[in-house]
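Examination of the molecular architecture
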Amino acid sequence: MPVSTEKMVKVFGRPGSLTEARFTYCPGCHHGILTRIIAQTIDELGIVERTVGVAPVGCAVFAYLWYRCDVIQASHGRASAVATGVKRANPNLIVFAYQGDGDFASIGTAESIHAANRGENITVIFVNNQVYGMTGGEMAPTSLVGQKTTTTPDGRDPALFGYPIRFSEMIAQLDAPVYVTRQALYDTKRIMDATKAIKKAFTNQLEGKGYSLVEVLATCPTNWRMKPTEANKHVAEVVTKVFPLGDLIDRG
Amino acid sequence: MPKGMLIIDKERCKGCGLCIVACSHPVLAFSGELNRSGYNVVHMERPEACVGCGFCALTCPDVAIEVYRARVPA
């Protein structure tokens, strides 16, 4: 089909903060949407020259390939601690940590909580897809009760493995954080809401207000053994019952 | 002339189909054509119906879609 855009205006394109590299995520994975939203926010705020990202261990480990800003790849779970160091060494930088649930809420629990409790002036993006994606779909602390994973083939049994941890609610108990919110990406409205929340989290940091956490409910179609569209439906109908959406605190 | 136009980067498309569901007009469908990675890529099945709302591009996890809109006459 011949494409002519001569008499047209471009209203949406690839954000300038993204490189030309293709994402290594699976088809339908929400990580890609989130990576694009963060890049768009960096563009809108015009801060690409002074932004430093901190990537986790997990599917987002290749973040340094996709962003035009600097990205450090931290040890597993320690992205909030590394972000703290970068921000304290040069407070003029805009630092964001991008962490999954296995990274942020399991192995990095101590670092995550204490960075929040100190009220470090950083932005943390917490991707909650209720599974360890990169290593093959093992149970994460956030996995739902009854969820089948490779380490819980009969479903997560709370008597053996406990209940899904609501990490953002825990962080929201602290005095220091200024903004804690939970967002999702299962339809266009949620994507637009999440975009606003992420922009706010970055703006808080630019204004020196302190710690902002944006938890994003994401899908993992591959490890959930679902089609991408079914996975979206699963988030809307099941996951949001356990992890309700909305702002938990907003002292901005 | 249609109100909107999409340019879909076939090599970025992974055929997840999220854009097809996001489009309410509906414009998009699987083309049956495979890209170099072997994914069944999406194309504009009914380009005349596109209004350039950009929902497909917002939803695309691989940033494969560019959206254009017809200029509004001044």
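Check the entry above for the structure.
Each chain carries its own residue numbering, running from 1 in the direction its sequence is written. Chains and ligands are labelled by the order in which they are written, letters from A for the one and numbers from 1 for the other. With pLDDT at 70 or above as the cut-off, local features in this predicted model cover only qualifying residues; side-chain atom pairs require 80 or more to be listed or tallied, and sums for whole chains, interfaces and linings still use all residues.

It is worth spelling out the overall build of chain B at this point. On a plain count of helices and strands, chain B comes out with 2 helices and 4 strands. In chain B, the order of α-helices and β-strands from amino to carboxyl end is β-α-β-β-α-β. Taking 74 residues into account, the globule formula puts the C-alpha radius of gyration at 11 Å, and chain B, at 12 Å, falls close to it. Overall, the C-alpha framework of chain B stretches about 45 × 20 × 20 Å when taken along its three principal axes. Going through the 74 residues of chain B one by one, you find that 46% of them count as buried. Two residues qualify as a contact pair if the distance between their C-beta atoms, derived from the backbone, is within 7 Å. Contacts in chain B between residues at least 24 apart in sequence constitute 65% of all its contacts with a sequence separation of at least 6. Helix numbering and strand numbering both begin at the N terminus, where a helix is a DSSP run of H or I of at least 4 residues and a strand a DSSP run of E of at least 2. As a reference, a globule follows 2.2 Å times the number of residues to the power 0.38, and the radius of gyration itself is taken over C-alpha atoms. Any residue with 12 or fewer other C-beta atoms within 10 Å of its own C-beta is exposed, any with 20 or more is buried, and the rest are partly exposed; the C-beta atoms used are placed from the backbone.

Right, let's get into the pairing of strand E8 (residues 179-184) of chain A. All names here are of chain A. Of all 6 residues making up E8, 6 are buried, and the element is well covered by its neighbours. Covered by surrounding structure in E8 are Tyr179, Thr181 and Gln183 together with Val180, Arg182 and Ala184, the residues of both alternating faces. Any two strands with at least two DSSP bridges between them are considered paired. Pairing geometry for E8 and strand E9 (residues 212-217), over 6 bridges, is parallel. For glutamine 183, the partnering residue across the bridge sits in E9 and is valine 216.

Packed helices, taken two at a time, are described by the angle between their axes plus the distance between the axes. Residues and elements named next belong to chain A. Under this scheme, a helix contributes an axis fitted over its contacting stretch, all axes are lines through C-alpha atoms, and angles between N-to-C directions fall in the 0 to 180 degree range. Two numbers describe how helix H3 (residues 79-89) lies on helix H5 (residues 109-117): the axes approach to 7 Å, and their chain directions differ by 40°. For the element pair H3 / H5, the angle class is oblique. Contact residues: Ser80, Ala81 and Thr84 in H3; Glu111, Ser112 and Ala115 in H5. Only Asp, Glu, Lys and Arg are considered charged in this grouping, and only Ala, Val, Leu, Ile, Met, Phe, Trp, Tyr, Cys and Pro are considered nonpolar; every other residue, Gly among them, is considered polar. Per-class residue counts for the contact of H3 with H5 are 2 nonpolar, 3 polar and 1 charged. What sets the label is the angle itself: under 35 degrees gives roughly parallel, over 145 gives roughly antiparallel, 65 to 115 gives roughly perpendicular, and the rest give oblique.

Before going further, it helps to spend a moment on the pairing of strand E1 (residues 4-8) of chain B. Residues and elements named next belong to chain B. Burial runs high along E1: 4 of the 5 residues are buried. In the sheet, E1 pairs with strand E4 (residues 65-70) via 5 bridges, with the strands oriented antiparallel. Looking across to E4, one finds that leucine 6 is bridged to valine 67.

A few words on the interface of chain A and chain B. If you look at the interface, chain A gives 26 residues, while chain B gives 28 residues. Counting residues per element, the ones that place at least two in the side of chain A that touches chain B are strand E1 (8-12), helix H1 (30-45), helix H8 (188-206) and helix H10 (228-242) of chain A. Per element, the largest residue contribution to the side of chain A that touches chain B is 5 residues, and it comes from E1(A). For the side of chain A that touches chain B, a count of residues per class yields 14 nonpolar, 7 polar and 5 charged. As paired elements, E1(A) and E4(B) share 4 bridges and run antiparallel to each other. Along E4(B), the bridge assignment pairs A:Val9 with B:Arg69.

With that settled, the discussion passes to unusual backbone geometry. Residues and elements named next belong to chain A. In the Ramachandran plot, glutamine 130 falls in the positive-phi region, its phi being about 60° despite a non-glycine side chain. Locating glutamine 130 in the fold gives a position in the loop between strand E5 (123-128) and strand E6 (131-132). Here glutamine 130 falls in the buried class, since 29 other C-beta atoms lie within 10 Å of it. A positive phi angle is found at arginine 225, which is not glycine, with a value near 55°. Tracing the sequence through the fold places arginine 225 in the loop between helix H9 (221-224) and H10. Accessibility expressed as a C-beta count within 10 Å gives 12 for arginine 225, which makes it exposed.

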